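Summary of structural features
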Amino acid sequence: MLKITFVCLGNICRSPMAELIFKDIIKNNKLTDKFEVLSRATSSYEIGNPIYYLASSTLRKHNISGTHIAKRISNQDLDSDFILVMDSDNYNDILKINGVDKNKVFKLCDFTSNPRDVADPWYTRDFEKAYNDILDGCTSFLQHLKNNKLI
């Protein structure tokens, strides 16, 4: 079983969207039993808060549901097989954690044909763009795992 942890700054927008999108993808591919999927924050700003309402409504618009409560990444989460961050700032923040294996840390959209940061909808309010970036990243990541016979 592969443990995948998605990470963003507050764990109320992009990383829980990625968690729920990836769970939906693996469910549709009948691969749920091959993964443990979670999401975490690099900061403590939003700990205990639910997924942001605009992130949740964007997911529902695409027939993806689920609940989430924000949590900060802990030492227990560092045993993940892959830590998939949303942007360069998240990447740098994760690498500062004592004991993290940098070989497990990737930007989600680095698996796509167009490597980039996942658009941050917090200030732009463009949750649809974030959704599309995350969907592209999650789909490409799953294909990477298949191509490399990791699942």
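Quick summary incoming for the structure in this document. (Residues numbered from 1 in each chain as written. Predicted model: local features only at pLDDT ≥ 70, side-chain atom pairs only at ≥ 80, totals over all residues. Heavy atoms only, no water.)

Okay, the overall build of the chain next. Helix and strand counts for the chain stand at 5 helices and 4 strands. The order of helices and strands in the chain, counted from the N terminus, is β-α-β-α-β-α-β-α-α. Its C-alpha atoms put the chain at 35 × 35 × 30 Å along the principal axes. In the chain, which comprises 151 residues, the share counted as buried stands at 49%. Contacts in the chain between residues at least 24 apart in sequence constitute 71% of all its contacts with a sequence separation of at least 6. (Helix = DSSP H or I, 4+ residues; strand = E, 2+ residues; numbered from the N terminus. Buried < 20%, exposed > 50% of the residue type's maximum accessible area, 1.4 Å probe, protein only. Contact = heavy atoms within 4.5 Å.)

To continue, consider the environment of Lys 107. Within the fold, Lys 107 resides in strand β4 (residues 105-107). Here the alpha-carbon distance between Lys 107 and Ile 83, two residues 24 residues apart in the chain, equals 8.3 Å. For Lys 107, the residues in contact, after removing those within four places along its chain, are Val 85, Asp 87, Ser 88, Tyr 91, Arg 116 and Asp 117.

It is worth spelling out the pairing of strand β1 (residues 2-8) at this point. β1 sits mainly inside the fold: 7 of its 7 residues count as buried. In β1, alternate side chains face the same way, and those of Leu 2, Ile 4, Phe 6 and Cys 8 on one face and Lys 3, Thr 5 and Val 7 on the other are all buried. As paired strands, β1 and strand β2 (residues 35-41) are joined by 7 bridges and run parallel to one another. Paired with Leu 2 across the bridge in β2 is Phe 35. With helix α1 (residues 14-28) bridging β1 and the parallel β2, this β-α-β connection has right-handed handedness. (Pairing = 2+ DSSP bridges. Right-handed = clockwise from strand over helix to strand, strands pointing away.)

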